[in-house]
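Structure assessment
One letter stands for each residue in the lines below.
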Amino acid sequence: MTQAQNVSKKVAVVTGAADGIGFAIAEQLASSGHTVVIADLDAAKAQQRAETLGARHDFIRMDVASEAEVVAAFGEIATRHGQIDVLVNNAGIGDSHLPTLQQSVDSFDRILRVHLNGLFVTSRETARMMIGRGSGVILNISSIAGITGLPRRNAYGAAKAGVAAMTRSMACEWAQHGIRVNAIAPGYARTALVQTLIDAGRIDERRLARRIPLGRLAEPKEIAQVAAFLCSPAASYMTGSIVGVDGGWTAFGDFGDASVQE
């Protein structure tokens, strides 16, 4: 039996999936046979992306920072599809990159609300359904920012470290119900947003690549392939794991460049 046949009736919800790594994960899960629900703040783009995936796929508007909206959205997903087998908590926002002395509490709170409150509520609402069925997979998106120190990234780093902590906590709590909870910690990936920043000169790609042992940015699909593995039966004995997908970023501890660029 092929992987697609194994998951042909499974429903996967991916938050923040109208772009970037989220959409790459949605594509990967769709290709393995999942019915994918793209949940995003931008409903029009989410609908367009769902239509790109094919007729059986769906979309829903969701602001993960609003508990009431998340609860309503998951109720609607349950009505439409009857179940959720996979949840990928990908929704997030960037931070200001301002020096600490110029950062505001309002901005700090907003980043934590999206990344941490959002993940908490979406996971809680999904687990209500999964516990009743005795199985399910939740995959959270952390970051190298939650593992290493990145200057000026206080709120984002704290949020992504919190994602890793909640991953471990939920994994231990829900394992008895057949629910696996893991996370991936991506490094820098060549999303459309990052490419725009490179083209505008706000990111020095060559300098960044020298810091990565593999010497390049990830392609979104490379992140998505690891995500799909962790959501699949092939990872059936993995829970509470934080898997780095960073080209060796967090492994490198020497001085100087991690790779030599021609």
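Residues numbered from 1 in each chain as written. Predicted model: local features only at pLDDT ≥ 70, side-chain atom pairs only at ≥ 80, totals over all residues. Heavy atoms only, no water.

Attention shifts here to the sheet that holds strand 5 (residues 136-141). Across the sheet, 7 strands lie side by side as 3-2-1-4-5-6-7; this open sheet has parallel pairing. Single-partner strands in this sheet number two, and they are strand 3 (58-61) and strand 7 (242-245). The sheet shows a mean angle of 20° between the axes of neighbouring strands, taken without regard to direction. As judged from the 6 bridges shared by strand 5 and strand 6 (residues 179-186), these two strands associate in the parallel manner. (Pairing = 2+ DSSP bridges. Helix = DSSP H or I, 4+ residues; strand = E, 2+ residues; numbered from the N terminus. Axes fitted to C-alpha atoms, helices over the stretch in contact; angles between N-to-C directions.)

Ile 25, Ala 26, Leu 29, Val 36, Ile 38, Val 88 and Ile 184 are the most contacted members of the largest nonpolar core, which totals 30 residues. Among the secondary structure elements, those contributing two or more residues to this core are strand 1 (11-15), helix 2 (20-31), strand 2 (35-40), helix 3 (43-53), strand 4 (86-89), strand 5 and helix 9 (220-230). Considering each element in turn, this core owes the most residues, 7 residues, to helix 2. Residue contacts for Ile 25: discarding those within four places in its chain leaves Val 88, Ile 141, Ala 224 and Ala 227. By size, the runner-up hydrophobic cluster in this structure holds 29 residues, among which are Ala 39, Ala 65, Ala 73 and Ile 179. (Core = buried A, V, L, I, M, F, W, Y, C linked by side-chain atoms within 4.5 Å. Buried < 20%, exposed > 50% of the residue type's maximum accessible area, 1.4 Å probe, protein only. Contact = heavy atoms within 4.5 Å.)

This next bit is on the packing of aromatic side chains. With the rule as written, the count across this model stands at 1 aromatic pair. Arranged with centres 5.4 Å apart and planes meeting at 55°, the rings of Tyr 188 and Trp 249 form a pair that is tilted. Placement of Tyr 188 in the loop between strand 6 and helix 7 (192-199) and of Trp 249 in the segment after strand 7 is noted, with a sequence separation of 61 residues between them. Overall, Tyr 188 belongs to the partly exposed group, its relative accessible area being 26%. Under the relative-accessibility criterion, Trp 249 is labelled buried at 8%. Geometry around Trp 249 places Arg 211 over its ring, the cationic atom sitting 4.2 Å from the centre. (Phe/Tyr/Trp six-rings, centres within 6.5 Å; stacked < 30°, edge-to-face > 60°. Lys NZ or Arg CZ within 6 Å of the ring centre and 35° of its normal.)

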